[in-house]
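Okay, here's what each chain looks like letter by letter:
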Amino acid sequence: MLSWWAATAVFFSRGFAIHFNPSEGGAECALRLDGPGRNSGFDFHTNTLRGGPFGRGGNGACITYDAVNQAYLEARKRIQVATPSGDWKPHEIASVGELLLDISIQLAKHYGLSYEEVEKGLPLIDTSKTLIREVCPPYLANVECRPGKYRRPDGLCNNLKHPTWGAKNTPFTRLLGPLFSDGMTAPRISVKGQQLPMSR
């Protein structure tokens, strides 16, 4: 059997390590952040019962699947998410994005996450093991690409390795990360800490 460390994928970004643990949901660690950080009160009790941080000893913070689910439930109290039965419209997908942003803000506050940890770490969490899977558009899950004479009109399967890349109603990958003043949603500010003039 592989050790926990051997089974953990490591992602390095700007001097800190982010470990993604692909184990089953619940109290398991969905994302482990090395270095300074803190666990939420919810995870503190779970980790303490397992014999220290992450149940394995060591420094850092462990974001569990339970903590992600708790953030999801809190966000659902504030945000109404569309669940259409047919084709998803852009405003319906936007409601899911608003929910995910709220969850990200909650996790960032609870764990004291840096901008880089939010940008590079949170997307590594397997949301199929969380309650977030309830609101994910079904056309983006389990895409099956079949060979055919023509490409699909919705843009799915243009890239067989990443079938959702370039599909309609999906975000593009940024070449440069966003520079929000609070790391999440607030507009940029000047180097002197003042508001920038309107762009138009």
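Enquirer: How would you sum up the overall build of the protein chain? Please name residues and give values.
Expert: When its secondary structure is counted, the protein chain shows four helices and four strands. Scanning the protein chain from its N terminus toward the C terminus, one meets helices and strands in the order β-β-β-α-β-α-α-α. Split into buried and exposed, the 200 residues of the protein chain put 34% on the buried side. Pairs at least 24 apart in sequence give 59% of the contacts found in the protein chain among residues at least 6 apart. Carbon and sulfur atoms make up 57% of the accessible area of the protein chain, which totals about 13,100 Å².

Enquirer: Can you explain the layout of surface pockets? Please cite residues and give values.
Expert: Its volume calculated, the largest pocket comes out at about 1,900 Å³. What lines the largest pocket is a set of 38 residues, and nearest its centre among them are Leu100, Glu119, Leu122, Pro123 and Pro171. The set of elements that each furnish at least two residues to the lining of the largest pocket consists of α3 (90-111) and α4 (115-121). Here the lining of the largest pocket gets eight residues from one element, more than from any other, and that element is α3. A class-by-class count of the residues in the lining of the largest pocket yields 25 nonpolar, nine polar and four charged.

Enquirer: I'd like to hear about the nonpolar core, residue by residue, with values.
Expert: Ile63, Leu99, Ile103, Leu107, Leu113, Leu122 and Ile125 are the most contacted members of the largest nonpolar core, which totals 28 residues. The greatest single-element share of this core, amounting to seven residues, is contributed by α3.

Enquirer: Give a detailed account of helix α2 (residues 65-78), specifying residues and quantitative values.
Expert: A rise of 1.5 Å per residue sets the reference length of α2, with its 14 residues, at 20 Å; its end C-alpha atoms lie 20 Å apart and thus fit the reference within 8%. Among the residues of α2, Tyr65, Ala67, Val68, Asn69, Ala71, Tyr72 and Ala75 are the ones counted as buried.

Enquirer: How would you sum up the confidence of the model for the protein chain? Please name residues and give values.
Expert: Residues at a pLDDT of 70 or more form 74% of the protein chain, whose mean pLDDT is 75. Summarising per-element confidence for the protein chain, the mean pLDDT is lowest in strand β1 (residues 9-13) (33) and highest in α2 (95). Low pLDDT, under 50, characterises residues 1-24; the predicted model gives this stretch 53 contacts beyond four residues in sequence or across chains. Residue range residues 44-57 is modelled with pLDDT below 50. Its contacts to residues more than four positions away, or to other chains, number 19 contacts.

Enquirer: Which residues make up α3, and what are the values?
Expert: With 22 residues, α3 should reach 32 Å at 1.5 Å per residue; the first-to-last C-alpha distance of 31 Å fits that figure. Listed as buried for α3 are Glu92, Ile93, Ser95, Val96, Leu99, Asp102, Ile103, Ser104, Gln106, Leu107, Ala108 and Tyr111. Downstream of α3 by one or two residues, Gly112 has phi in the positive range, about 60°.

Parameters and conventions
Residues numbered from 1 in each chain as written. Predicted model: local features only at pLDDT ≥ 70, side-chain atom pairs only at ≥ 80, totals over all residues. Heavy atoms only, no water. Helix = DSSP H or I, 4+ residues; strand = E, 2+ residues; numbered from the N terminus. Buried < 20%, exposed > 50% of the residue type's maximum accessible area, 1.4 Å probe, protein only. Contact = heavy atoms within 4.5 Å. Areas by Shrake-Rupley, 256 points an atom, 1.4 Å probe, with all protein chains shown as cover. 1 Å grid on protein atoms, 1.4 Å probe; cavity = no way out; pocket = protein on both sides within 12 Å on 5 of 7 lines; lining within 4 Å. Points joined across faces, edges and corners; volume = space filled by probe spheres on them. Nonpolar A, V, L, I, M, F, W, Y, C, P; charged D, E, K, R; others polar. Core = buried A, V, L, I, M, F, W, Y, C linked by side-chain atoms within 4.5 Å. Expected span 1.5 Å × (residues − 1). pLDDT = per-residue confidence, 0-100.

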